[in-house]
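Per-entry structural report
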Amino acid sequence: MTAEMGCEQVRDLAAELALGIAEGEERDAALRHLSGCAGCRRLVSELSSVGDELLQLAPAQEPPAGFESRVLTAFAEPPRRSRRQPLAHRWRWIATAAAAVVLAATLGAGSVLLATAGDRRLAAGYQAVLSQGRGAYFLAAPLQGTRGRVGTVFGYQGQPSWVMVTLQPSIQEEGRFRVQVVTRDGRYLPLGDAVLGGAKGTWGGQLPVDLSALHELRFVGSDGQPTLTATFDTANPWD
Amino acid sequence: MALPVGPLGAMGVAVVRKLSDESLLAGLGSGDPDAAADFLRRFQRRVFGLTLSILRDRAAAEEAAQESFVRAWRHASAYDPRRGTVAAWLLTIARNVSINMLPTRRFDPIDPELIVTLEARRPLEDRTEAQVVDSELLREPLARLPGDQRRALVLAAFYGFTAREISELDGVPLGTVKTRIRSAMLKLRAQLRVSDDR
C-alpha cells in the first residue's frame, strides 16, 4: 500500500483526480485521503466543475440521418437481464452470494461449494457478517471471458465497498490485467493490476466508489481491450 | 415503440418541450416515450459533437453517441443534481464512452487547438441565448492559457490522456505535464468563481 498522502500532495493531484486521469497507487492514496478531508473534497469538486464546463466547448454537430429513431429503438429493447425477480428468488440469490463471499474470503479458494440450511438461518448469519463492515448488501455477477463464463465477481457494499473474483480452474485468459471499474454514470476508474490464471484463482480489490455505483468490472489485457467482464445490472437488489 | 405512455406523454409534446433537463431525464428514466424523444432532441447534437470531436469518425461517433444515450436511459436514476447539470452528466458519459472506444494510445489526437479556436457556436433552436453563454464561460479563458497548458489540459479533459501519456506523447518531463494541467485547471476554476460572483 502507498504511504498516506497529506493535503498538500492531494491538492497537487486534485486536477488529475477531477479529470479522472490520476493513476494507480497515487490515485488510491489520494482517494483514501479524500474520504476524510472535506477541504480537499471541495477542491476536487470545484475542479470537476471545470472539467464539466470544458466538455461543453466541443462544437455541436448534427448527427447522421436516422440517429434519433435508432436510439429510440434501442430504448425499447429489453434489458439483458430482468431487473426484478420474485422476492424469494432474489433473496436466495443474494444469500448465496453472501455466503460465497464469506467462504471465498475465508478460504481464498478458487471454487466455492455452498450448502444452505434454510434462508432464515442464513439470513441471520448474513446480517451478522454485514454488520462487521457496516455493509448493507452483497451482489454477484458472472465473469465472462472470450468463450463464456470463467468465474464470478462478488461485490460487498460497505465502508469501504470491495469486490472479490473467484475463477474456474484452467481458464484460457491467463496473465496480467489492468482492472477497470465502469461506473453507472459512465466513468472509467482504474483499480490496479491483477495477475489471473495458473495458481491465482482469486483476486480482490477495494472499490473507489460505493458498490451501488459499480456497473461493470473489466480486466483489460495488454491490447487495451477488456478480456474479462462482469456486468452488475442491479445497483441495489433491495431498491 | 414499446415504451409505455407515461404522465409526461399525457401532457403533450408542446408541454414537454418546456420541461427542465432534470424533468426530461426523469421522464426518460421512467419510460415516457415523449420525454425520451424530447431528451434525445435536446441533447443529440451536443453529444454527437463531443463524440465526433474525440473519435473523428462519424460511424464510431454515432455508435458512441447512441451508447451514451442508452446508458443515460438505463442509469437515469443515478443522476445526482448536486454533482452537476444533466448536460454535464450526459457529456461526461459521452466522453468516457468515446475514450473507451479509442483504439489504443497509439492514436494520434486531433490538434487540441482546434477545439478552442472554433468560432463560438450559434444558438441552437432548442437552447436559449443565456444557455449558450453559460456553456461558453471557459472558451475565452481557455484560449488565453499558454499553449502548452492548453494542449495538456485538452488532451486530459477530452481524450482522457494521463499525465504520463502526455509526457510520452510530447516528450516532456512528467512533472512538467502535471504542473501544466494543475495550473490550467486552477486558472479556469478562478474564472468560474468570478462568473459565479457576478
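From a predicted model like this one, the values you see are computed outputs, not experimental measurements. (Residues numbered from 1 in each chain as written. Chains lettered and ligands numbered in written order. Predicted model: local features only at pLDDT ≥ 70, side-chain atom pairs only at ≥ 80, totals over all residues.)

Quick word on the overall build of chain B
What counts here: Segments assigned H or I by DSSP are reported as helices when at least four residues long, segments assigned E as strands when at least two residues long, and all are numbered from the N terminus. To assign burial, the other C-beta atoms lying within 10 Å of each residue's own C-beta are counted, with C-beta atoms placed from the backbone; 20 or more indicates buried, 12 or fewer indicates exposed, and intermediate counts indicate partly exposed. Here contacts are defined at the residue level, using C-beta atoms placed from the backbone and a cut-off of 7 Å between them.
Broken down by element type, chain B carries 12 helices and 0 strands. Its helices and strands taken in sequence order, chain B reads α-α-α-α-α-α-α-α-α-α-α-α from the N to the C terminus. Burial status across chain B gives 45% buried among its 198 residues. Partitioning the contacts of chain B with sequence separation of at least 6, the portion at a separation of at least 24 is 64%.

What to know about the overall build of chain A
Summing up its helical and strand segments, chain A has 6 helices and 8 strands in all. In chain A, the succession of helices and strands from N to C terminus is α-α-α-α-α-α-β-β-β-β-β-β-β-β. Counting across all 239 residues of chain A, residues that qualify as buried make up 37%.

Topic: the pairing of strand β8 (residues 226-231) of chain A
On a regular strand, one side chain projects to one face of the sheet and the next to the other, so that they alternate. Residue and element names in this part refer to chain A. This is how it is decided: In this analysis, strands are considered paired if DSSP registers two or more bridges between them.
As defined by bridge partners, strand β7 (residues 214-220) adjoins β8 across 5 bridges and the pair is classed as antiparallel. Bridge pairing in β8 places Phe219 opposite Leu228. In this structure, the hairpin formed by β7 and β8 is closed by a connection of 5 residues, where Gly224 is found at a positive phi of approximately 85 degrees.

As for the packing of helix α1 (residues 7-19) of chain A against helix α3 (residues 38-55) of chain A
All names here are of chain A. Using the following cut-off: Every axis in this analysis is a line fitted to C-alpha atoms, fitted for helices over the stretch in contact. Angles between the N-to-C directions lie between 0 and 180 degrees. Should an angle fall under 35 degrees it is called roughly parallel, over 145 degrees roughly antiparallel, and 65 to 115 degrees roughly perpendicular, with every other angle called oblique. Note on convention: near helix rotated counterclockwise from far helix by under a right angle means a left-handed crossing. Clockwise means right-handed. Residues are grouped as follows: Ala, Val, Leu, Ile, Met, Phe, Trp, Tyr, Cys and Pro are nonpolar; Asp, Glu, Lys and Arg are charged; all remaining types, including Gly, are polar.
At a minimum axis separation of 8 Å, α1 and α3 run at an interaxial angle of 30 degrees. As summarised for this structure, α1 and α3 are arranged roughly parallel, according to the angle between their axes. α1 and α3 meet at a crossing whose hand is right-handed. Of the residues in α3, those in contact with Cys7, Val10, Arg11, Ala14, Ala15, Leu17, Ala18 and Leu19 of α1 are Gly39, Cys40, Leu43, Val44, Leu47, Ser48, Val50 and Gly51. Partitioned by chemical class, the residues of the contact of α1 with α3 number 12 nonpolar, 3 polar and 1 charged.

With respect to the nonpolar core
Inside soluble globular proteins, nonpolar side chains tend to come together where they are buried. Cut-off, in case you're wondering: To form a nonpolar core, buried Ala, Val, Leu, Ile, Met, Phe, Trp, Tyr and Cys residues must be joined through C-beta atoms within 7 Å.
Counting residues in hydrophobic clusters, the biggest one holds 74 residues, and the most contacted among them are Ala14(A), Leu90(B) and Ala156(B). Top contributing element to this core by residue count: helix α4 (residues 33-55) of chain B, with 12 residues. When sequence neighbours within four positions are dropped, the list of residues in contact with Ala14(A) reads Cys40(A), Leu43(A), Val44(A) and Leu47(A). If you look at the next biggest cluster of nonpolar residues, it comprises 30 residues, including Phe138(A), Leu143(A), Val179(A) and Leu217(A).

Examining the environment of Ser212(A)
Mapping Ser212(A) onto the fold places it in the loop between β6 (202-206) and β7. The spatial distance from the C-alpha of Ser212(A) to the C-alpha of Tyr137(A) is 9.7 Å, given a sequence separation of 75 residues.

Focus on the confidence of the model for chain A
Residue and element names in this part refer to chain A. Stated formally: pLDDT: the predictor's confidence for each residue, scored from 0 to 100.
Averaged over every residue, the pLDDT of chain A is 74; the share at 70 or more is 70%. Of all secondary-structure elements in chain A, the lowest mean pLDDT belongs to helix α5 (residues 87-107), at 40, while α1 reaches the highest, 94. Of the regions scoring below 50 in pLDDT, residues 80-117 engages in 54 contacts with residues more than four places distant in sequence or in other chains.

Looking at the pairing of strand β3 (residues 162-167) of chain A
All names here are of chain A. With 6 bridges joining them, strand β2 (residues 148-157) and β3 adopt antiparallel strand pairing. The partner of Val153 across the bridge, within β3, is Val165. Between β2 and β3, which pair antiparallel one after the other, the connecting turn spans 4 residues. As defined by bridge partners, β3 adjoins β6 across 5 bridges and the pair is classed as antiparallel. The residue bridging Val165 from the neighbouring strand is Trp203, located in β6.

Looking at the interface of chain A and chain B
In this assembly, 40 residues from chain A lie in contact with 60 residues from chain B. Mapped onto the side of chain A that touches chain B, the elements with two or more residues apiece are α1, α3 and α4 (67-76) of chain A. Take the side of chain A that touches chain B: its biggest share by element is 9 residues, from α3(A). Of the residues contributing to the side of chain A that touches chain B, the split by class is 21 nonpolar, 7 polar and 12 charged.

A look at unusual backbone geometry
The residue Arg56(B) is not glycine, and still its phi comes out positive at about 55 degrees. With respect to the helices, strands and loops of the structure, Arg56(B) is situated in the loop between α4 and α5 (58-74).

Describing the confidence of the model for chain B
Residue and element names in this part refer to chain B. When the pLDDT values of chain B are averaged, the result is 79; 73% of them are 70 or greater. Predicted confidence for residues 118-127 stays below pLDDT 50, and this span has 13 contacts to residues more than four positions away or in other chains. Scored by ipTM, the complex comes to 0.82, with pTM at 0.60.

Considerations on the environment of Trp73(B)
Locating Trp73(B) in the fold gives a position in helix α5. Along the backbone, Trp73(B) and Ala36(B) are 37 residues apart, and their C-alpha atoms lie at a distance of 8.2 Å. Those residues in contact with Trp73(B) that sit more than four places away from it in its chain are Phe75(A), Leu28(B) and Gly29(B).

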